[in-house]
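Structural overview
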Amino acid sequence: MARRIGMRRRNVARKKIPLVSVIIPMYNSAKFIPQTLESLLYQTMKDFEVVVVDDCSTDNSVEVVEGFKPRFDSQAVKLHIVKLPKNTGTPGISRNLGINFACGKYIAFLDSDDLFTKTALEELTTLAEEYQAEIVRMYNHWVLWEEKARFADDPAFTDMTALTNSANWSLRSERPNAQLSAPVLISQEISERLKLFLNQDVFWSSVVQFYRRDFLVSNKLSFSPMLKSEDAPFIFECLLATEKYLLVPNVTYIVRPRLDSASRTNGQQINLENYFHKNIAAWREGFNEFERVMKKFPFFSSHVNYRYAVLDFFFQRSFSRYAEMWMAYTQIPPFRLNELVKREFHPDDAAFSAYLFNTVNIYRLQLMKFQQENLALKNELQKYRSAK
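Residues numbered from 1 in each chain as written. Predicted model: local features only at pLDDT ≥ 70, side-chain atom pairs only at ≥ 80, totals over all residues. Heavy atoms only, no water.

**Here's the deal with the sheet that holds strand E9 (residues 184–185)**
Taken together, eight strands build an open sheet; the order of strands is E3-E2-E1-E4-E10-E6-E11-E9 and the sheet is mixed. Looking at which strands have only one partner, the edges of the open sheet turn out to be strand E3 (78–83) and E9. When E9 meets strand E11 (residues 245–248), the two strands line up antiparallel, connected through two bridges. Within E11, the position partnered with Leu185 by the bridge is Leu246. Across the sheet, helix H6 (residues 120–131) touches strand E1 (20–26), strand E2 (48–54), strand E4 (106–109), strand E6 (135–138), E9, strand E10 (209–212) and E11, and the angle it forms with E4 is around 140 degrees. (Pairing = 2+ DSSP bridges. Helix = DSSP H or I, 4+ residues; strand = E, 2+ residues; numbered from the N terminus. Contact = heavy atoms within 4.5 Å. Axes fitted to C-alpha atoms, helices over the stretch in contact; angles between N-to-C directions.)

Structure below.
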């Protein structure tokens, strides 16, 4: 369907191709997408289009977006709404459709509950044009309210005065002690780019990158249908495939964290079996996606240590976020847990199973070592107290 929509649109004569296409995946966003669209209306640069891809919302999100069309028309900015035929549950599929539908020279992704700064598109296009970059990567982004998430019903969540007040923004960086002072084109050496990835200089967020569309299309880069961490293999492949990758100190993206986000559990009652399935599936799919990407680059066949380092990094980053997984081992009866594990794995998962087996045993040995060291410290402490 995505290909048909894209071909159909490109066959339509257009007076002017926009410089940028802003792609917004949307699902049940009626409460918060108005402010996201407002942040596009106040952009200093007007040479762009907006492509909202609806993933079968069950609220009035589409109607809300439709209501903004006259305001965008008055600024000569096209606002398009594309609808998926069935719900996918992942923003990656929506972004893929948006890339296919878009006509701009550049692509910017914007989540339906986040915002751009006033000069975001102007800054990013200026940098991309000056350096002829295929990807412009922001080293930092803004987070509202010092990362204290709020419910969408909170008045401050939708107050544009509060949202655009820079006093409410906090700078967020994966590596706060390694800041950039000027734009830099990074080395084309794969080993150097892998260091950026493994050191978290390039973290898993597709929204803090600005893309030249022909680069994405010619390299057939797209998001996987993973239900979680779908950004990770996409970002990784972009990093390896591009010739001109520009890291910049500019901060143009504003994250608006919300407590009712689909990515948060916030202590709410969860179905542990479904949670177990969803996260094991995410690890398995992510593992396979990273394997698929690395097979495209001969470097990894002769540098197996890098291959394992990438997989281990993905696993550790993913697993550290899913504390609820530990609950499965204490609250699900062992016989049922055994059934769940058998359900999740099949013969095609041999490589993934071997990796998990090795990793779990490495962690087990490390834990045993820590326990022995802790016991030794306790014994020394006990001797010290007895001596007193």
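**Some thoughts on the environment of Ile254**
Mapping Ile254 onto the fold places it in strand E12 (residues 253–255). Judged by relative accessible area, Ile254 falls into the buried class, the value being 1%. If we ignore the near neighbours within four places in the chain, the residues touching Ile254 are Asp114, Leu115, Phe116, Thr117, Trp142, Leu144 and Trp169. (Buried < 20%, exposed > 50% of the residue type's maximum accessible area, 1.4 Å probe, protein only.)

**Structural notes on the packing of helix H8 (residues 190–198) against helix H10 (residues 231–241)**
Helix-helix packing: each pair is described by the crossing angle between the helix axes and the interaxial distance. Two elements in contact, H8 and H10, have axes separated by 9 Å at closest approach and are oriented at 150 degrees. When the axis of H8 is compared with that of H10, the two are roughly antiparallel. Judged by the twist between their axes, the crossing of H8 over H10 is right-handed. Residue-level inspection shows Ile190, Arg193, Leu194 and Phe197 of H8 in contact with H10, the latter providing Phe236, Leu239 and Leu240. (Parallel < 35°, antiparallel > 145°, perpendicular 65-115°, else oblique. Left-handed = near helix turned anticlockwise from the far one by under 90°.)

**Some thoughts on the side chain of Asp113**
Note that Asp113 resides in the loop between E4 and strand E5 (115–116). The contact partners of Asp113, leaving out residues within four places of it in the chain, are Phe32, Thr36, Arg256 and Arg258.

**Here we look at the sheet that holds strand E7 (residues 141–144)**
Taken in spatial order, the four strands line up as E5-E12-E7-E8 in an open sheet, and their pairing is mixed. Since the sheet does not close on itself, it has two edges, and those belong to E5 and strand E8 (169–172), each with one partner.

**Section: the environment of Asn199**
Within the secondary structure, Asn199 is located in the loop between H8 and E10. Distance in space between the C-alpha atoms of Asn199 and Phe313 is 9.5 Å, their sequence separation being 114 residues.

**Some points on the environment of Tyr42**
In this structure, Tyr42 sits in the loop between helix H2 (33–41) and E2. Residues Tyr42 and Lys118 lie 76 residues apart in sequence; the distance between their C-alpha atoms is 6.1 Å.

**What to know about the packing of aromatic side chains**
Two numbers describe a pair of aromatic rings. These are the distance of the centres and the angle of the planes. Under the counting rule described, the total for this entry stands at 18 aromatic pairs. Arranged with centres 3.9 Å apart and planes meeting at 20 degrees, the rings of Phe223 and Phe234 form a pair that is stacked. Of this pair, Phe223 sits in the loop between helix H9 (213–218) and H10 while Phe234 sits in helix H10, and the two are 11 residues apart along the sequence. Across the pair, exposure class does not vary: Phe223 and Phe234 are buried alike. An aromatic cluster is defined as three or more aromatic residues linked by ring pairs; in this entry it consists of Phe197, Phe236, Phe290, Phe299, Phe300, Tyr306, Phe313 and Phe314. Looking at Arg95, its charged tip hangs above the ring of Phe109, at a distance of 5.7 Å from the centre. (Phe/Tyr/Trp six-rings, centres within 6.5 Å; stacked < 30°, edge-to-face > 60°. Lys NZ or Arg CZ within 6 Å of the ring centre and 35° of its normal.)

**Let's talk about the pairing of E1**
Among the seven residues of E1, seven are classified as buried, and the element is accordingly described as predominantly covered. Residues Val20, Val22, Ile24 and Met26 point to one face of E1 and Ser21, Ile23 and Pro25 to the other, with burial holding for every one of them. Summarising the sheet, E1 and E2 pair through seven bridges and their orientation is parallel. By the bridge assignment for E2, Ser21 is matched with Glu49. At this point the chain moves from E1, through H2, to the parallel E2, and the crossover so formed is right-handed. (Right-handed = clockwise from strand over helix to strand, strands pointing away.)

**Section: the pattern of salt bridges**
Throughout the structure, instances matching the rule amount to 14 salt bridges. Arg71 is the partner of Glu38 in a salt bridge, and the nearest nitrogen-oxygen pair spans 2.7 Å. Of this pair, Glu38 sits in helix H2 while Arg71 sits in helix H4 (residues 69–73), and the two are 33 residues apart along the sequence. With a relative accessible area of 38%, Arg71 lands in the partly exposed category. (Salt bridge = Lys/Arg side-chain N within 4 Å of Asp/Glu carboxyl O.)

**Side note on unusual backbone geometry**
Positive phi is not limited to glycine here, since Ala76 has a value of about 60 degrees. Note on placement: Ala76 falls in the loop between H4 and E3. At Lys220, a residue that is not glycine, the phi angle is positive and equals roughly 55 degrees. With respect to the element layout, Lys220 can be found in the loop between H9 and H10.

**Regarding the confidence of the model for the chain**
Looking at the chain as a whole, the pLDDT averages 84, with 82% of positions reaching at least 70. For residues 10–14, every residue scores under 50 in pLDDT, and the model assigns this stretch five contacts once sequence neighbours within four places are set aside. (pLDDT = per-residue confidence, 0-100.)

**Quick notes on helix H5 (residues 91–101)**
An α-helical turn contains 3.6 residues, so a residue and the one three or four places further along point in the same direction. Burial of H5 is extensive: nine of the 11 residues sit out of reach of the surface. Residues of H5 that are buried: Gly92, Ser94, Arg95, Asn96, Leu97, Gly98, Ile99, Asn100 and Phe101.

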